[in-house]
Amino acid sequence: MKLSARSRYAARLLLDLAQARGQGPVRASILAANTGISVQFIEQILRPLKKAGFIRSLRGATGGHLLRRDPATITLGDVVRTMEGPVAIARCCTGGAACDRADDCRTRSAWAQVSRVLERELDAITLADLLDQSRIQSTCPKA
């Protein structure tokens, strides 16, 4: 399973805003330079983040974007749910009638269990944790 670029970039943008917290609004052009994300894509990503209450934007010559909440209160799970909806590795785990075989599927419970574990892990990592990398144990292979 791979997260969408929107979720990964949203986390990157929020982390950059968390790092700049207390220094005033950050313009989209500065966010683009810091994160490597185009200004156009940044504007698309910021909309749902504003709607969810993670950031606020100020207009004008001294305007830009600010983190609204304490980085310790924003989890990666919050970000993924905001950008993509429910955390589930299979459509049948999102509830409702996502699959016509959901009632008699022999693997659905396994996918649901893995989805719960993934969501729990995403909810255990905050932006504050990411600011302090010593709190995160990396198991990703080096490229």
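Note that the coordinates shown come from a computational prediction; the quantities given were computed from them, not determined experimentally.

(A) Main features of the pattern of salt bridges. This structure, assessed with the given rule, holds four salt bridges. The salt bridge partner of E119 is R81, with a shortest N-O separation of 2.7 Å. Of this pair, E119 sits in helix α5 (residues 108-123) while R81 sits in helix α4 (residues 76-84); the two residues are 38 residues apart in sequence, bridging distant segments of the chain. R81 is the salt-bridge partner of D123, the closest N and O atoms lying 2.8 Å from each other. With a gap of 42 residues between them, D123 in helix α5 and R81 in helix α4 connect regions that are remote in the sequence. With a relative accessible area of 31%, D123 lands in the partly exposed category. Its relative accessible area of 28% is what places R81 among the partly exposed residues.

(B) Representation of the side chain of S7 in the model. Relative to the elements of secondary structure, S7 occurs in helix α1 (residues 5-19). Residue S7 is classed as buried on the basis of its relative accessible area, which comes to 2%. At 2.4 Å, the side chain of S7 forms a polar contact with the side chain of E84. When residues no more than four places from it in sequence are discounted, the contact partners of S7 are V79, V80, M83 and E84.

(C) Just the pairing of strand β1 (residues 55-58), in detail. Sheet topology places β1 next to strand β2 (residues 64-67); four bridges connect them, and they run antiparallel. Considered in β2, the bridge of L58 is made with G64. Here β1 folds back onto β2 in antiparallel fashion, the turn holding five residues, of which G60 has a positive phi close to 105°.

(D) Summary view of the packing of aromatic side chains. Scanning the model with the defined rule gives one aromatic pair in all. Geometrically, the ring pair formed by Y9 and F41 is edge-to-face, given 5.5 Å between the ring centres and 75° between the ring planes. Of this pair, Y9 sits in helix α1 while F41 sits in helix α3 (residues 39-51); the two residues are 32 residues apart in sequence, bridging distant segments of the chain. Under the relative-accessibility criterion, F41 is labelled partly exposed at 21%.

(E) A look at a nonpolar patch on the surface. On the surface, a nonpolar cluster with roughly 240 Å² of combined accessible area is contributed by I89, W111 and V114. Look at I89 and you get partly exposed, because its relative accessible area is 31%.

(F) Expanded view of the environment of L130. On the secondary structure map, L130 appears in helix α6 (residues 127-131). Under the relative-accessibility criterion, L130 is labelled buried at 17%. In the structure, L130 is positioned 58 residues away from A72 in sequence and 9.6 Å away in space, judged by C-alpha atoms.

Rules of the game
Residues numbered from 1 in each chain as written. Predicted model: local features only at pLDDT ≥ 70, side-chain atom pairs only at ≥ 80, totals over all residues. Heavy atoms only, no water. Salt bridge = Lys/Arg side-chain N within 4 Å of Asp/Glu carboxyl O. Helix = DSSP H or I, 4+ residues; strand = E, 2+ residues; numbered from the N terminus. Buried < 20%, exposed > 50% of the residue type's maximum accessible area, 1.4 Å probe, protein only. Polar contact = N/O pair within 3.5 Å; in protein donor to acceptor, adjacent residues only side chain to side chain. Contact = heavy atoms within 4.5 Å. Pairing = 2+ DSSP bridges. Phe/Tyr/Trp six-rings, centres within 6.5 Å; stacked < 30°, edge-to-face > 60°. Patch = residues over 30% accessible without salt bridge, like charges linked within 9 Å, V, L, I, M, F, W, Y side chains within 5 Å. Areas by Shrake-Rupley, 256 points an atom, 1.4 Å probe, with all protein chains shown as cover.

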